[in-house]
Amino acid sequence: MSKLPPRSDEEIVAEYAPSVYRLAFAQLRSRADAEDIFQEVFLRYVDRSPRFESREHEKAWFLRVTLNCCRDLWRSPWRRKHVPLEEDLPFQAQEEWELHQELLKLPKKYRAVLHLFYWEDMSTQEIGKIVGCSPAAVRQRLTRARAMMKDLLTKEELQNV
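Counting restarts for each chain: residues are numbered from 1 in the order of the written sequence. Per-residue local features of the predicted model are confined to residues with pLDDT of at least 70, and side-chain atom pairs are confined, for both listing and counting, to 80 or more; whole-chain, interface and lining totals are unaffected and use all residues. Heavy atoms from the whole structure form the basis of all side-chain values; hydrogens and water molecules are not counted.

Peer 1: Can you help me understand the environment of Val65 in this one?
Peer 2: Secondary structure follows DSSP: runs of H or I at least 4 residues long count as helices, runs of E at least 2 residues long count as strands, and numbering of each begins at the N terminus. Inspection of the secondary structure assignment puts Val65 in helix α3 (residues 55-75). Given a relative accessible area of 7%, Val65 falls into the buried group. Between the C-alpha atoms of Val65 and Ile37, which are 28 residues apart in sequence, the distance is 9.4 Å. When checking whether two residues touch, look at their non-hydrogen atoms; a contact exists if any pair is within 4.5 Å. Apart from the residues within four sequence positions on either side, Val65 is in contact with Val41 and Arg44. Classification of residues uses two cut-offs on accessible area relative to the type maximum, computed with a 1.4 Å probe and protein chains only: under 20% is buried, over 50% is exposed, and between them is partly exposed.

Printed below as a string of structure tokens:
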């Protein structure tokens, strides 16, 4: 098993920071929680110093740890009694913001696969490894998520007419 050449922590953070933060924000819908998860993911990286077989393995590790940290936060007793404030990320266009708002209406498992597929440009096989299901299940979730998004966008469009 070949190992990747070592890189500095700064290089690792610079490469994966946007992906980790976007995924955490997409899952938690809170800037403060996303920042906490961001810090937790990179602290785990520094503490554990994992070695990776490839860049894909490295990226998958960061995204898997991000999802696990998000799940841990959702399960925490504190979270059950806490109601997050509505926050937003800066978007390039109003359409991106509106699409993001519709995406937040989907259940977490569908948001995760859509995010990883479209924003992180991952294959269904890679997503399956990260979310812990088969590529076929990922494809089914993507199909269902797309259908849900289509329904949401159609309803939204009809309401705005």
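That was the structure; now back to the text.
Peer 1: Explanation requested: the pattern of salt bridges in the structure shown.
Peer 2: Where charged atoms from two side chains of opposite charge approach closely, those side chains can pair. We count a salt bridge whenever a side-chain nitrogen from Lys or Arg sits within 4 Å of a carboxyl oxygen from Asp or Glu. Counted under the stated rule, the structure contains seven salt bridges. When the shortest N-O distance is used, the salt bridge between Arg44 and Glu40 registers 2.8 Å. Of the two residues, Arg44 and Glu40 are both situated in helix α2 (residues 31-48); the distance of four residues between them amounts to about one turn of the helix. Judged by relative accessible area, Glu40 falls into the partly exposed class, the value being 31%. Residues Lys59 and Glu120 are paired through a salt bridge, measuring 3.9 Å at the closest nitrogen-oxygen approach. Pair noted here: Lys59 is in helix α3 and Glu120 is in the loop between α6 (108-119) and α7 (124-131), with a separation of 61 residues, a long-range link. On the accessibility criterion, Lys59 (23% relative accessible area) is partly exposed. According to the relative accessible area criterion, Glu120 is buried, its value standing at 3%. Among the charged side chains, a salt-bridge network with shared partners connects Arg7, Glu15, Arg55 and Glu58.

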